[in-house]
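Listed below, chain by chain, are the residues.
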Amino acid sequence: MSYDEHDDETFRERIDANPRPALIWIVGLIVLLAVELGRIVDGIIALGGAIRFALSGIAAGPSWIGDNVAGTLGSAVGTGAMILTALLLLAIAGSLVKTIFVPGSPLKRLGYDIDQTKQTIDLLDRLFLTAILAVIALLAITSPFSGVLESGINGLTRGLESVSSLPTITGRETISNEGHRTPGGGWEGTFLGLSPAWAWALRVLVVYAYAFVALAWLWKGYTIFREHYREADWTPRDDSINRFRNHYWGIFGLIIVFMFVVMAIWAPALGPVDAEHNLYSPYEHEFEYLDDDTVVSTTHGTANLQSQSQGGESTIGLMSYDDFDRWAPFGTNQDGKDLFTFLVFGARTSLVIGVTAIGLATAIALAMSLITAYYKGLVDTLTIITSDTIISIPAFLLVLLLSVIFQQANHPIADVYNGGLLLALIFAGIYWPGLWRSIRGPSLQVAEQEWVDAAKSYGQTPAMTMRKHMAPYIATYIMIYASLLLGGVIIATAALSFLGLGINPPTPEWGRMVSDGRSYVSTTSWHIATIPGIMIVFVVTGFNALGDGIRDAMDPESDTGTSDAGAAASGGGG
Amino acid sequence: MSRWHYFFKRVLLSIPVLFLVMTLIFVILRLGPLDPVASLLGPEASGAQAEQIRESLGLNEPLWQQYLDFMWGLITLDLGQSWAVYSGRNVIDLVYIFAPRTIWLGFWAVLLPLFIGIPLGFYAGLNPNSWGDYVASFGGIVWLAMPNFWLAIMVLAVLRQTQGGGFLGFDWYTFGPEVNSLIGTPPLDFAGATDWTTLWLLSVPTGGFYFDFGTLAVAIKVILPAAIVLGSASMATELRIGRTAILETKNSNYVETAKAKGLSGRVIVWKHVFRNALIPLVPIITNEALLLLGGSVIVEVIFGINGLGRLFFLAAVQGDLPLAGSLIFIFTLITISLNIIQDLLYTLLDPRVGYD
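The name recorded for chain B in an unreviewed UniProt entry is ABC transporter permease, from Natronoglomus mannanivorans. According to UniProt, the comment filed for chain B under the heading Sequence similarities (unreviewed entry) is "Belongs to the binding-protein-dependent transport system permease family." Listed under Subcellular location (unreviewed entry) in UniProt, the entry text for chain B is "Cell membrane".

Under the annotation held in an unreviewed UniProt entry, chain A carries the name ABC transporter permease and is attributed to Natronoglomus mannanivorans. UniProt lists a comment for chain A under the heading Sequence similarities (unreviewed entry), and it reads "Belongs to the binding-protein-dependent transport system permease family." Within the UniProt record for chain A, the comment given under Subcellular location (unreviewed entry) is "Cell membrane".

A. Seen up close, the domain arrangement of chain A. Along its sequence, chain A is organised into domain 1 (37-164), domain 2 (280-337) and domain 3 (340-559). One C-alpha centre belongs to domain 1 of chain A, the other to domain 2 of chain A, and the line joining them spans 50 Å.

B. Examining helix α17 (residues 395-408) of chain A more closely. Residues and elements named next belong to chain A. In this model α17 runs 20 Å from its N-terminal to its C-terminal C-alpha over 14 residues, within 8% of the 20 Å that 1.5 Å per residue would give. Taking burial as the measure, the 14 residues of α17 include 12 buried ones, the bulk of the element. Listed in full, the buried residues belonging to α17 are Phe396, Leu397, Leu398, Val399, Leu400, Leu401, Leu402, Ser403, Val404, Ile405, Phe406 and Gln407. Of the residues one or two after α17, asparagine 410 is the one with positive phi, at around 55°.

C. Structural detail: the pairing of strand β4 (residues 294-299) of chain A. Residue and element names in this part refer to chain A. Bridge count for strand β3 (residues 286-291) against β4 is six bridges, and the pairing is antiparallel. Its bridge partner being in β4, leucine 290 is matched across the sheet by valine 295. Linking β3 to β4, which pair antiparallel, is a turn of two residues; within it aspartate 292 sits at a positive phi near 50°.

D. Seen up close, the interface of chain B and chain A. Between chain B and chain A, the residue contacts involve 51 residues of the former and 51 residues of the latter. A buried area of about 4,600 Å², summed over both sides, lies between chain B and chain A, and 78% of it is on carbon and sulfur atoms. Area buried by chain B at its contact with chain A is led by Pro33, Phe149 and Trp150 of chain B, which between them contribute 13% of it. The interface formed by chain B and chain A holds one salt bridge in total.

E. Geometry of a nonpolar patch on the surface. All names here are of chain A. On the surface, a nonpolar cluster with roughly 1,000 Å² of combined accessible area is contributed by Leu47, Ile51, Leu55, Ile58, Leu88, Leu89, Ile92, Leu96, Ile100 and Phe101. The set of elements that each furnish at least two residues to the nonpolar patch consists of α3 (37-59) and α5 (75-101). Of the residues forming the nonpolar patch, the biggest block, six residues, is contributed by α5. Tracing the backbone through its elements, the reader meets leucine 47 in helix α3.

F. Geometry of the UniProt feature "transmembrane region" (unreviewed entry) in chain B. Residues and elements named next belong to chain B. Sequence positions flagged by UniProt for "transmembrane region" (unreviewed entry) are, in local numbering, residues 12-32, 103-126, 138-159, 209-233, 289-309 and 321-341. Summarising residues 12-32: 95% helix, 0% strand, and an end-to-end C-alpha distance of 29 Å. Taken end to end, residues 138-159 is 91% helix and 0% strand, and its first and last C-alpha atoms sit 24 Å apart.

G. Focus on the packing of helix α10 (residues 236-245) of chain A against helix α22 (residues 527-554) of chain A. Residues and elements named next belong to chain A. As a packed pair, α10 and α22 sit with axes 8 Å apart at the nearest point and diverge in direction by 135°. In this view, α10 runs oblique relative to α22, as classed from their interaxial angle. For the pair α10 and α22, the crossing hand works out as right-handed. Along its contact with α10, which presents Ser240, Arg243 and Phe244, the element α22 presents Leu546, Gly549, Ile550, Asp552, Ala553 and Met554. For the contact of α10 with α22, the per-class residue count stands at five nonpolar, two polar and two charged.

Rules and cut-offs
- Residues numbered from 1 in each chain as written.
- Chains lettered and ligands numbered in written order.
- Predicted model: local features only at pLDDT ≥ 70, side-chain atom pairs only at ≥ 80, totals over all residues.
- Heavy atoms only, no water.
- UniProt positions renumbered as here; feature names shortened; annotations may be inferred.
- Domains from an automatic or database assignment.
- Helix = DSSP H or I, 4+ residues; strand = E, 2+ residues; numbered from the N terminus.
- Expected span 1.5 Å × (residues − 1).
- Buried < 20%, exposed > 50% of the residue type's maximum accessible area, 1.4 Å probe, protein only.
- Pairing = 2+ DSSP bridges.
- Contact = heavy atoms within 4.5 Å.
- Buried area = accessible area lost by both parts, 1.4 Å probe.
- Salt bridge = Lys/Arg side-chain N within 4 Å of Asp/Glu carboxyl O.
- Patch = residues over 30% accessible without salt bridge, like charges linked within 9 Å, V, L, I, M, F, W, Y side chains within 5 Å.
- Areas by Shrake-Rupley, 256 points an atom, 1.4 Å probe, with all protein chains shown as cover.
- Axes fitted to C-alpha atoms, helices over the stretch in contact; angles between N-to-C directions.
- Parallel < 35°, antiparallel > 145°, perpendicular 65-115°, else oblique.
- Left-handed = near helix turned anticlockwise from the far one by under 90°.
- Nonpolar A, V, L, I, M, F, W, Y, C, P; charged D, E, K, R; others polar.

Put into structure tokens, the structure is as follows:
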């Protein structure tokens, strides 16, 4: 390829030299984003809310610790503890900001020329950034600045909200399936006058078509980058990707996982009825239906009472309309609520909990494995003892006990997401030792490599060595186990909810569906408990297959499966 | 470092681990968000009664004193009394009553998969890429992903359908020994002795031994569905490992040599392939036993077996902190001892294991 001679070109210059493929791809991306702009902005608002919530939770930490200490040791010590915790948090934040957002040394860039060792400069930089953050935090707390900040955030949110109300291609309004029969025999209010069943099927088709096109376009973007803009003709990762492309079992897993994720993300669009109307507040929302040649309106709650599936003749089973001409692809549950809507929102619950828990656990395990592999010795032994402690307590029992204790004590954290956040935190705390154990071998091996020695002898700081020269290798390993463990978290969450302990109503959860439908399994309403179980089997198999695929793609030697057979998520956990 | 050195290091490491587990349980129960008095009397507990309970539980003592008492209690297995589930009973007595049922369930849950999973896996490994292999392997994968709680409900539903001769053509209720209910605690009084004498601290049976085959049959029949569900994940894992073990062994040099010697296929399979393929299965089986501890909660709750798992569930839901904490401690003790046994087996069985 032509650009091989110009190895020093930046990415930007390579694009300038041959802009056509990049431009085509970006135009496609803009089109794809534009048709779903409303939903994307919705997601950004939700994400912003979650970040704000997390930040306020962390910000409340110092005063919480201060109060607790003050309760036992007196208020002066309490205030001291509060200030200490606040400083500690600020220092952590300062270090994070430095490693993530500020390349190089900010002090040097400001013109200070310090004649010190690298470590000292690094420390001074961190202190400098911590001080800046402290000033910002103080400003944010004290009025009038906090008022300005608050109104700024609110204005931004309002602006985004107006964008988020734009129609999207997969929106409920675009392809509506909520209408009523007309006396003449047709349908009114639905998309193109189709029957609600067909309109719903069309919407589901559009959602999945959109999602798969978007996925294909991202893949296309990667191949364009690989073909036209990447400096190297070949990298080891290409081989892994090629191996994965021929790994049909892994591809199967990827597709199942992708469909599950799409189900969770597009949950509001996939349900045949609006969740708010049908599940959460059914008595506050009305709809119209045809009753003896007259169109009358009733609330969802009233209608649900007559669409209950509790065995017998009146069951609303799979692929059927209820007496109010509402389409129920998976029937209704024992309360007459739409099972499919419940199911897709349950997918969202499972995914949010699974990703939060595994994300946190992976972050802890990765950080610990870098530190223990780099320093070894006492740190390693202490981590072994800690992880052995947590591993040797049967995980499911510990999760159960902890969630009961927090819920019975009415701890504020147990209310967030109806117990979802609590569960995710418990899972993260209990599963990181297992993850750390699984990658301890590979990370010790990486730490022994010559390039790590070389980096050390160059005077690279430990943090930099770990981040640049060790983390990329360990991160790929941890992905395998994270994928396998995610299935385990989904099963454990469902099992806890089945026992009535995990996610409380009204947040939909698959395990609770099984529990609700348990007494109707041998009646005509068998679908309530059966379908969520089949979904769990599919999703967990998908995650297991994906994990297998990633493992074989990264390391073709290890496909014997003997070493980590215990890692696959299994129903044994619940 | 020799193998025994490594083994003793592991055993030594388990002491601080046990110590930390006990501390962790103390932290969860005493320093956790749930006030023990509140869980006994309800969240609005106050007044003289609350103060009295606080005093009798020793909650007014300094924290380090509470900690020492708690640890000493656990070490001497003086686990205190249940608050709510079996109010006033000693925890250790409850464990003696409930444990045999869990052991019975666990025994069958380990045994059944062994006799189903391993033969299936070996069959699949000996006939790779045949339809039988595909069916067995795919079945194992799906079986592995099935949540126990759902599988239990489905098994119960199917067995209920057989009452009076359902679509399966047999009636599970009258099949073999007759039972009236699918769920419930298995009768474990099929064997025992009537005369006991005390020898130092132990009770020793001296006579009047009896054994009742009818009761034994009922006990087995009642436990079978629960054991199959509880062992489902192990069965799938053993199938998978058994298959790969056979595949690996089959392609190894010594099997090639045996072939070259002109040994018959049967001798090769029985003498050379099977025996070596069994080695990697040993740790799997001990690992499965650990998984069963957690799984027993769900299975015992659904099948209505009054074992330790169900006892733990009731204790946790009713806020019976001493009972729940003690059960967790006992489960952890079992885990740690099983881990040591596994290491011992490793050390004895596989001469190749060398750690540094």
